[in-house]
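Read off the chains here:
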Amino acid sequence: MDFVAGAIGGGLSTAVGYPLDTVKVRIQTERHYNGIWHCIQETYRTEKVWGFYKGVSASVLTVSVISSVSFGTYKNFLCTICKLRYGAADAKPSKLDVSLAGGAAGAVRVVLMTPSEVAKVRMQTQRNPHPSVASPQPVSKPKYRGSLHCLKVIAKEEGFGGLYKGCSALLCRDCSSSAIYFLTYSALCDWLTPAGKNKPGFLVVLLSGGFAGVLAWGLATPMDVIKSRMQTDESDQHKYKGLVHCARESVRKEGAKVLFKGLGLNCIRAFPVNMVVFVTYEAVLRFTDHCTNKK
């Protein structure tokens, strides 16, 4: 049931946070924006509301699957660790156990996530002026007509490796941030839940999920910047040779502050998105437990 709960939570959270995710990706990969508000204004001026939702349909579906795998892997890995260490799958795990299970969930997620992330980033950074916006020059057809078409074009032009661009940065980002994510959520739930109660209340779940997301994304931002830049590097550009080269070139040209582009936006977006993830996850699990107990 953890897989189903994770899928529902992931899908809903993507729908909530996608517009801000588009703004974040554009700020991280393009230098001509003066800040968050300027990026929002320019995107709306040239592409209207649709500009914030490029690639959203495929992203909702893939994030649902990935979130399902992530939560399912975390729970099953944690149960396996507890069984090996303490002799019972339902034993109370240590903070190290939670961190290891979280890191494993992040690693598994990367294998499934990278192609969809590449397509999402390419769609989000593609310019498509809205028909209502007057342009002095004729508007060329977009290179990518949708997320699936984007994946097809990347595979054709860049080979299978193109679908896994930025995989190294994504692995570094997700293993560490996923460990912090689940550890923070677990620790805050334990701390905020009154003694004698078996499960945290929904307010505790909301706050713990929100703060876990903020902390995880705050720490993940440098690798998120590198990941986005590597994934926008198309076959005819070849700006970056790998993770280290991308980090070095970005810092050399724009200073160390480039690694924290979108930090504020990541944290602002992370709170409501991860509140939705965890409260949906817990609600689905409790609902199914209730239905099972009634039988």
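Presented here is an overview of the structure given in this document. (Residues numbered from 1 in each chain as written. Predicted model: local features only at pLDDT ≥ 70, side-chain atom pairs only at ≥ 80, totals over all residues. Heavy atoms only, no water.)

Quick look at the overall build of the chain
In plain terms, the rule: A helix here means a DSSP run of H or I that spans at least four residues, while a strand means a run of E at least two residues long, and both kinds are numbered starting from the N terminus. Remark: exposure states derive from per-residue accessible area (1.4 Å probe, protein chains only) relative to the maximum for the residue type, with buried under 20%, exposed over 50%, and partly exposed in between. Contact definition: two residues touch when any of their heavy atoms are within 4.5 Å. Surface exposure here means Shrake-Rupley accessible area, sampled with a 1.4 Å probe, where a residue is shielded only by the protein chains that are shown.
A tally of helices and strands in the chain yields 9 helices and 0 strands. Beginning at the N terminus, the succession of helices and strands in the chain can be written as α-α-α-α-α-α-α-α-α. Buried residues in the chain amount to 48% of all 295 residues. Summarising the internal contacts of the chain: among those between residues at least 6 apart in sequence, 77% fall at separations of at least 24. Split by element, the accessible area of the chain, about 14,800 Å² in all, is 66% carbon and sulfur.

So, the pattern of salt bridges
Condition: For this document, the term salt bridge refers to a Lys or Arg side-chain nitrogen within 4 Å of an Asp or Glu carboxyl oxygen.
In total, this model carries 22 salt bridges according to the counting rule given. Ionic pairing is found between D21 and K24, a salt bridge with its closest N-O pair at 3.2 Å. In this pair, D21 and K24 are both assigned in helix 1 (residues 2-29), 3 residues apart and thus about one turn of the helix distant. Residues E158 and R122 are paired through a salt bridge, measuring 3.0 Å at the closest nitrogen-oxygen approach. One end of the pair, E158, is in helix 5 (residues 147-158); the other, R122, is in helix 4 (residues 95-125), and 36 residues separate them in sequence. Here E158 matches R122 in class, with each residue buried. Through salt bridges with shared partners, a single network forms among D21, K24, R109, E117, K120, R173, D174, D224, K227 and R269.

As for the side chain of E117
Take E117: it is sitting in helix 4. Judged by relative accessible area, E117 falls into the buried class, the value being 8%. In contact with E117, not counting residues within four places along its chain, are L170, R173, K227 and Q231.

Points about the packing of aromatic side chains
Which entries qualify depends on this criterion: Whether two aromatic rings pair depends on their centres lying within 6.5 Å, for rings of Phe, Tyr and Trp, where Trp uses its six-membered ring; planes under 30 degrees apart make the pair stacked, over 60 edge-to-face, and the rest tilted. A ring is scored as having a charge over it whenever the NZ atom of a lysine or the CZ atom of an arginine sits within 6 Å of its centre and within 35 degrees of its normal.
Taken as a whole and judged by the stated rule, the model has 10 aromatic pairs. Here F71 and F278 contribute two aromatic rings whose centre-to-centre distance is 5.6 Å and whose plane-to-plane angle is 75°, an arrangement assigned as edge-to-face. Taken as a pair, F71 in helix 3 (residues 56-86) and F278 in helix 9 (residues 263-294) lie far apart in primary sequence, 207 residues in all. A residue is classified by how much of its surface remains accessible, and F278, at 1% relative accessible area, is buried. A ring pair is formed by F160 and Y164, whose centres lie 5.4 Å apart and whose planes are at 40°; its orientation type is tilted. Judged by relative accessible area, F160 falls into the exposed class, the value being 63%. Members of the aromatic cluster, joined through ring pairs, are F71, Y74, Y181, F182, Y185, F278 and Y281. The aromatic ring of F202 is capped on one face by R286, whose charged end is 4.9 Å from the ring centroid.

Looking at the environment of L20
Structurally, L20 can be placed in helix 1. Judged by its relative accessible area of 29%, L20 falls in the partly exposed class. Placed 32 residues apart in sequence, L20 and F52 show a C-alpha to C-alpha distance of 7.6 Å. Residues within four places of L20 in sequence aside, it is in contact with L265, I268 and R269.

Things to note about unusual backbone geometry
Of all residues except glycine, most have a negative phi; of all peptide bonds, most are trans. Positive phi values are uncommon outside glycine, yet K48 reaches one of about 60°. Mapped onto the secondary structure, K48 falls in the loop between helix 2 (36-47) and helix 3.

A short note on the packing of helix 4 against helix 6 (residues 167-192)
This is how the line gets drawn: Axis geometry follows a simple rule: fit a line to the C-alpha atoms, using only the stretch in contact for helices, then measure angles between N-to-C directions, giving values from 0 to 180 degrees. In what follows, roughly perpendicular refers to angles from 65 to 115 degrees, roughly parallel to angles under 35, roughly antiparallel to angles over 145, and oblique to any angle outside these ranges. What makes a crossing left-handed is the near helix being turned counterclockwise from the far one by less than a right angle; a clockwise turn instead makes it right-handed. Side-chain classes follow a simple rule in which Ala, Val, Leu, Ile, Met, Phe, Trp, Tyr, Cys and Pro form the nonpolar group, Asp, Glu, Lys and Arg form the charged group, and the remainder, Gly included, forms the polar group.
Here helix 4 crosses helix 6 at 140°, and the two axes come no closer than 7 Å. By the angle between their directions, the pair helix 4 and helix 6 is classed as oblique. Taken as a pair, helix 4 and helix 6 cross one another with a handedness that is right-handed. In the contact of helix 4 with helix 6, the residues fall into 12 nonpolar, 7 polar and 5 charged.

As for a positive patch on the surface
What counts is decided by this rule: A patch is a set of surface residues, each over 30% in relative accessible area and not in a salt bridge, joined within 9 Å for like charges and within 5 Å for the nonpolar side chains Val, Leu, Ile, Met, Phe, Trp and Tyr. The sign given to each residue is positive for Lys and Arg and negative for Asp and Glu; His and the chain ends receive no count. All charge positions are set by atom: Lys at NZ, Arg at CZ, Asp at CG, Glu at CD.
Together, K141, R145, K152 and K156 line one region of the surface with positive charge. Looking at where K152 falls in the secondary structure, it is placed in helix 5.

Side note on the nonpolar core
Definition in use: In plain words, nonpolar cores are sets of buried Ala, Val, Leu, Ile, Met, Phe, Trp, Tyr and Cys residues tied together by side-chain atoms within 4.5 Å.
By size, the foremost hydrophobic cluster in this structure holds 18 residues, and its most contacted members are F71, Y74, Y181, F182, Y185 and F278. Of all the secondary-structure elements, those providing two or more residues to this core are helix 3, helix 4, helix 6, helix 7 (202-232) and helix 9. In contact with Y181, not counting residues within four places along its chain, are A212, G213, A216, N274, V277 and F278. Counting residues in each nonpolar core, the second largest holds 8 residues, with V118, C150, V153 and L163 among its members.

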